[in-house]
Amino acid sequence: MPTFHLTQITDTHLSPRFPEFTENFQRVCRHIAGNRPDLVINSGDVSFDGEADAADFEFAKAEHGNLGVECRFIPGNHDIGDNPTQSNPRPKQIVSEQNRQNFVSVFGDDRWQFDAAGWRFIGINSLIMNSGLDCESEQFAWLEEKLAEANGQAVALFVHKPLFRNTPDEPEDAAISYRYVPMPARTRLVAMLDTADVRLVACGHVHQRRDFTFRNTRHIWAPSTSFVIASELRQATIGAKETGLVEYAFQPDGFEVRHVRAFGQADIDLFSVYDPAAQS
């Protein structure tokens, strides 16, 4: 069976207001065009502010047309709003069904499944977890079904937010609870994943590159294509603060991971080009 080549990009944060992020994305497009993977997955925050500005969605969709390769998408918090947690107040922009539908109308389904090279690939929407929206329970039921249908196939899961930092049962930190899949949805999700042979969980969101294994599952935090958050006061270092992308090669007996950067890709500090006080 031939190798299935997949490239993960994430946190592209495309918007006509930030040409610096677009330039980084165009460097990534040239890299991908040169390598021609079988598929590209954007694991969320496709836009900078799509939940509030439809123009960001249209701009991001047009820019992805330059990839020259089929691309699947899952939403991030900048696309559809954030999920509530047990530890923090409700986010400023909370996820809504209307925002989700706006994303789907431009980028396609916010959850999907396909099989290739002996693997089952699943993408889910982590932002609706803990939302209480009908789509949350529908997605859990759908995921349970897709995992059961895997019938022992290795599974690769793509999600915007990391499931956890180090272990699934670690307490939810009020200061950074927005960073991971929130409790109690996390507990339900992890228990569901334990029923299948989940070999890979690939995410974005944190804007740091990280690669670790918990039990039999490798967790890949893909770096943003757009920017980093350089200040330790704003964001502590967990992995590596750098821009880039991740390349995978899947075969029935395993997979390989390459952590790469596109030629010329710059480690732009978000707060060198964005003033949140000016946006409020």
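Use the structure listed above.
Treat the numbers as computed from the prediction; the structure is a model and nothing was measured. (Residues numbered from 1 in each chain as written. Predicted model: local features only at pLDDT ≥ 70, side-chain atom pairs only at ≥ 80, totals over all residues. Heavy atoms only, no water.)

Here we take up the packing of helix H2 (residues 54-64) against helix H4 (residues 97-107). In contact at an axis separation of 10 Å, H2 and H4 are set at 25° when each is read in the N-to-C sense. On the basis of their axis angle, the class for H2 and H4 is roughly parallel. Handedness of the H2/H4 crossing: right-handed. Judged by residue contacts, Phe57, Glu58, Ala60 and Lys61 of H2 engage Asn102, Phe103, Val106 and Phe107 from H4. Residue composition of the contact of H2 with H4, by class: 5 nonpolar, 1 polar and 2 charged. (Axes fitted to C-alpha atoms, helices over the stretch in contact; angles between N-to-C directions. Helix = DSSP H or I, 4+ residues; strand = E, 2+ residues; numbered from the N terminus. Parallel < 35°, antiparallel > 145°, perpendicular 65-115°, else oblique. Left-handed = near helix turned anticlockwise from the far one by under 90°. Contact = heavy atoms within 4.5 Å. Nonpolar A, V, L, I, M, F, W, Y, C, P; charged D, E, K, R; others polar.)

This model, assessed by the stated rule, comprises 14 salt bridges. We note a salt bridge from Glu242 to Arg209, for which the minimum N-O separation is 2.7 Å. Highlighted residues: Glu242 in the loop between strand S9 (217-221) and strand S10 (245-251) and Arg209 in the loop between strand S7 (197-203) and strand S8 (210-214), separated in sequence by 33 residues. Exposure remark for Arg209: the relative accessible area of 10% places this residue in the buried category. Each of Asp115, Arg120, Glu145, Lys146 and Glu149 takes part in salt bridges that share partners, so that together they form one network. (Salt bridge = Lys/Arg side-chain N within 4 Å of Asp/Glu carboxyl O. Buried < 20%, exposed > 50% of the residue type's maximum accessible area, 1.4 Å probe, protein only.)

A few words now on the packing of aromatic side chains. Counted by the stated rule, this structure contains 27 aromatic pairs. With a centroid separation of 4.8 Å and 90° between ring planes, the pair formed by Phe121 and Phe250 is classed as edge-to-face. Residue Phe121 is found in strand S5 (residues 119-123), and its partner Phe250 is found in strand S10; the two are separated by 129 residues along the sequence. What makes Phe121 buried here is its relative accessible area of 0%. When its relative accessible area of 0% is taken as the criterion, Phe250 is described as buried. An aromatic cluster is built from Phe4, Trp112, Phe114, Trp119, Phe121, Phe158, Tyr248, Phe250 and Phe255, whose rings are joined through pairwise contacts. Over the ring of Phe140 we find Arg188, and its NZ or CZ is 4.1 Å from the ring centre. The ring of Phe212 has Arg210 sitting right over it, with the charged end atom 4.3 Å from the ring centre. (Phe/Tyr/Trp six-rings, centres within 6.5 Å; stacked < 30°, edge-to-face > 60°. Lys NZ or Arg CZ within 6 Å of the ring centre and 35° of its normal.)

Take the environment of Cys29 next. Structurally, the position occupied by Cys29 is in helix H1 (residues 19-35). The sequence separation of Cys29 and Asn66 amounts to 37 residues, and the corresponding C-alpha distance is 6.4 Å. Excluding its chain neighbours within four sequence positions, the residues that come into contact with Cys29 are Glu63, Asn66 and Leu67.

With that settled, consider the sheet that holds strand S11 (residues 254-260). Reading across from one edge, S3-S2-S1-S10-S11 is the order of the 5 strands in this open sheet, with mixed pairing throughout. Taken across any chain shown, the strands that pair with only one partner, and hence form the sheet edges, are strand S3 (71-73) and S11. Geometrically, the sheet is characterised by an average inter-axis angle of 20° between neighbouring strands, direction not taken into account. In the sheet, S10 pairs with S11 via 7 bridges, with the strands oriented antiparallel. When the sheet's bridge partners are listed, Gln251 is paired in S11 with Gly254. (Pairing = 2+ DSSP bridges.)

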